[in-house]
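Chain by chain, the residues:
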Amino acid sequence: MRILHTSDWHLGLDLCQISLLEYQRAWADWLCETIQQKNIDAVLICGDVFDRAVSSPEAIRLYSASLEKIHQAGAAVLMIAGNHDGAARLAACAPLLENSQIYIAGQLEHPVKIVEFPQARFFLLPYFAADRVKALFPDATGMVDGTQMILESCKAACLPNKKNILLAHCFVAGGQAGESDRAAVVGGSAELPVQLFEDFDYVALGHIHRPQKLGENIRYCGTPMKYSFSEQSQTKTVPLYDTESGEVELVEIPEFVSLKVLTGDLEQLLQQSQQQDYENVFVKLVRTDGIADLNTQTQLRQAFPKVLQIEGRSAVTEQQEMGAIESLPPLELLRMFYQERTGQEPKPELEEWFLEMLEQKEEMEQ
């Protein structure tokens with residue numbers, strides 16, 4: 001069985017108020033072509049299908065069209081809700097869709113939803129908050145303990161004669177987040193020990209936007225395209241897992257969204273616009289010899305058709321001072337603040353309470 005691992009589509013996402021739906025549609029078309037070319041049997045979508053819990057009609061239409069095309073291409077779909085998704089909306093009509101081999105887990109349930117194929121058994125573990133864990137496992141002392149209980153029940157249901165594959169949307173310790181991950185980290189999951197996810201044949205993770213491998217069989221596939229300027233040098237891929245060989249092939253995704261950060265004085269920036277074609281490149285410009293006043297912005301916007309951000313020297317200095325702090329995970333910010341005020345490290349109970357409050361805040365905002 002040949003399985004493509006995707007996640008974090010974020011349909012409907014805007015980049016600096018520019019809609020990316022056109023590029024996301026191209027991604028969906030490429031995905032369907034790849035399904036046919038690579039003889040894919042199943043596509044995993046490991047959360048954050050949408051960028052917002054209440055999505056635009058255009059994003060919903062793209063979602064529906066994409067699922068239809070994947071079905072027509074001959075692949076099954078296994079999908080879990082992420083923290084950006086409206087779990088109930090995503091799972092609407094889920095039992096009916098199973099007739100078309102589209103399997104969706106919205107809200108966390110116990111036991112976890114299992115999907116059976118002749119070669120593999122899939123465990124669908126959607127994003128969940130601490131209160132959901134407490135409702136299902138009253139004896140759980142926190143997110144880590146509750147997650148361990150959930151995963152132990154999954155491991156008990158693993159079959160030795162099949163590949164056992166886990167889909168999850170969470171923040172696993174050791175994962176390296178980037179600029180576009182900040183909302184996901186704040187939205188938060190407590191960091192979960194990577195050891196909890198061992199003993200499965202393959203663990204397909206979503207939530208972090210940078211593709212990375214955390215263990216022999218534990219992977220974040222990352223986003224299908226670049227969603228921040230910090231990702232300008234990333235090569236996006238989708239892992240293709242073969243249940244027969246146990247091997248993983250990284251299939252490179254075309255660069256649907258091209259991002260570039262250019263730095264220099266005003267004259268250098270204007271010269272760079274003549275040295276390369278930036279017609280289809282979203283750029284961030286950093287002027288090093290002065291502020292980005294109205295005259296500067298006018299010149300640069302005329303030179304670069306798709307400039308999204310322009311910064312001047314003072315703005316850059318301020319960003320460098322603040323950027324180091326703003327890029328830190330919320331839990332690290334709490335530790336810095338507590339250490340500065342008390343001279344001590346915060347107790348684990350305080351850290352757990354802090355993360356639970358962040359989760360509740362995000363749920364109220366969605």
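Given the structure is predicted, the values throughout are model-derived calculations rather than measurements.

Thoughts on the pattern of salt bridges
Item 1. In this structure the tally under the stated criterion is 13 salt bridges.
Item 2. Where Glu-249 meets Lys-38, a salt bridge forms, and the shortest distance between an N and an O atom there is 3.0 Å. With a gap of 211 residues between them, Glu-249 in strand β14 (residues 248-252) and Lys-38 in the loop between α1 (21-37) and β4 (42-46) connect regions that are remote in the sequence.
Item 3. A relative accessible area of 34% means that Glu-249 is categorised as partly exposed.

Details of the side chain of Gln-234
Item 1. Within the secondary structure layout, Gln-234 lies in the loop between β12 (218-220) and β13 (237-242).
Item 2. A distance of 2.8 Å separates a polar atom in the side chain of Gln-234 from a polar atom in the side chain of Lys-236.
Item 3. For Gln-234, the contacting residues outside a window of four places in its chain are His-209, Arg-210, Pro-211 and Lys-226.

Quick look at α1
Item 1. In this model, α1 (17 residues) spans 24 Å end to end at C-alpha, consistent with the 24 Å of a helix rising 1.5 Å per residue.
Item 2. Residues of α1 that are buried include every one of Leu-21, Tyr-23, Gln-24, Trp-27, Ala-28, Trp-30, Leu-31, Cys-32, Thr-34 and Ile-35, and no others.

Things to note about the sheet that holds strand β16 (residues 282-287)
Item 1. The strand order across the open sheet formed by three strands is β15-β16-β17, and the pairing between neighbours is parallel. Both edges of this open sheet fall to β15 (259-264) and β17 (307-311), since each of them pairs with a single strand only. Strand-to-strand twist of the sheet, defined as the mean angle between neighbouring strand axes without regard to direction, takes the value 15°.
Item 2. Relative to β17, β16 runs parallel, the two sharing four bridges. By the bridge assignment, Val-283 is partnered in β17 with Val-307.

Regarding the nonpolar core
Item 1. Counting 45 residues, the largest nonpolar core has Trp-27, Leu-31, Tyr-63, Ile-70 and Met-79 as the members making the most contacts within it.
Item 2. In terms of residue count, the dominant contributor to this core is α1 (eight residues).
Item 3. Residues in contact with Leu-31, not counting those within four places in the same chain, are Leu-4, Thr-6, Trp-9, Val-43 and Ile-70.
Item 4. In terms of nonpolar packing, the next biggest core, distinct from the first, is built from 29 residues, Leu-125, Ala-130, Ile-150 and Leu-192 among them.

A few points about the confidence of the model for the protein chain
Item 1. On average, residues of the protein chain score 88 in pLDDT, and 89% of them are at 70 or above.
Item 2. Below a pLDDT of 50 lies the segment residues 183-189, which in the model reaches 21 contacts outside its immediate sequence neighbourhood of four places, other chains included.

Some points on helix α8 (residues 266-275)
Item 1. All of the buried residues in α8 are Leu-266, Leu-269, Gln-272 and Ser-273. Down the axis of α8, the buried side of the element spans an arc of 120°, and every buried residue falls inside it. Away from its buried face, by an angle of more than 90 degrees, α8 presents the exposed residues Glu-267, Gln-274 and Gln-275.
Item 2. Considering only its buried residues, α8 is in contact with β15, β16 and α9 (294-303).

Here's the deal with the packing of α8 against α9
Item 1. One way to put it is that α8 packs onto α9 with a least axis distance of 9 Å and a crossing angle of 15°. Classified by the angle their axes make, α8 and α9 are roughly parallel. Our pair here, α8 against α9, has a crossing hand that is left-handed. From α8, Leu-266, Leu-269, Leu-270 and Ser-273 reach across to α9, where they touch Thr-296, Gln-299, Leu-300 and Ala-303.

So, unusual backbone geometry
Item 1. The step from His-110 to Pro-111 runs through a cis peptide bond, and the omega angle for that step is 0°.
Item 2. For Pro-111, the location among the structural elements is in the loop between β6 (102-105) and β7 (113-116).
Item 3. At Gln-101, a position not held by glycine, the phi torsion is positive, near 60°.
Item 4. As for its placement among the helices and strands, Gln-101 is situated in the loop between α4 (94-97) and β6.

Details of the packing of aromatic side chains
Item 1. This model, assessed by the stated rule, comprises nine aromatic pairs.
Item 2. Cluster of aromatic residues (ring-pair linked, three or more members): Trp-9, Trp-27 and Trp-30.
Item 3. Taking NZ or CZ as reference, Lys-306 lies 5.1 Å from the ring centre of Phe-282, over its face.

Section: the pairing of β15
Item 1. As paired elements, β15 and β16 share six bridges and run parallel to each other. Paired with Leu-259 across the two strands is Phe-282, which belongs to β16.
Item 2. Between the parallel elements β15 and β16, the chain passes through α8 in a crossover that is right-handed.

Rules of the game
Residues numbered from 1 in each chain as written. Predicted model: local features only at pLDDT ≥ 70, side-chain atom pairs only at ≥ 80, totals over all residues. Heavy atoms only, no water. Salt bridge = Lys/Arg side-chain N within 4 Å of Asp/Glu carboxyl O. Helix = DSSP H or I, 4+ residues; strand = E, 2+ residues; numbered from the N terminus. Buried < 20%, exposed > 50% of the residue type's maximum accessible area, 1.4 Å probe, protein only. Polar contact = N/O pair within 3.5 Å; in protein donor to acceptor, adjacent residues only side chain to side chain. Contact = heavy atoms within 4.5 Å. Expected span 1.5 Å × (residues − 1). Pairing = 2+ DSSP bridges. Axes fitted to C-alpha atoms, helices over the stretch in contact; angles between N-to-C directions. Core = buried A, V, L, I, M, F, W, Y, C linked by side-chain atoms within 4.5 Å. pLDDT = per-residue confidence, 0-100. Arc of directions from axis to C-beta. Parallel < 35°, antiparallel > 145°, perpendicular 65-115°, else oblique. Left-handed = near helix turned anticlockwise from the far one by under 90°. Phe/Tyr/Trp six-rings, centres within 6.5 Å; stacked < 30°, edge-to-face > 60°. Lys NZ or Arg CZ within 6 Å of the ring centre and 35° of its normal. Right-handed = clockwise from strand over helix to strand, strands pointing away.

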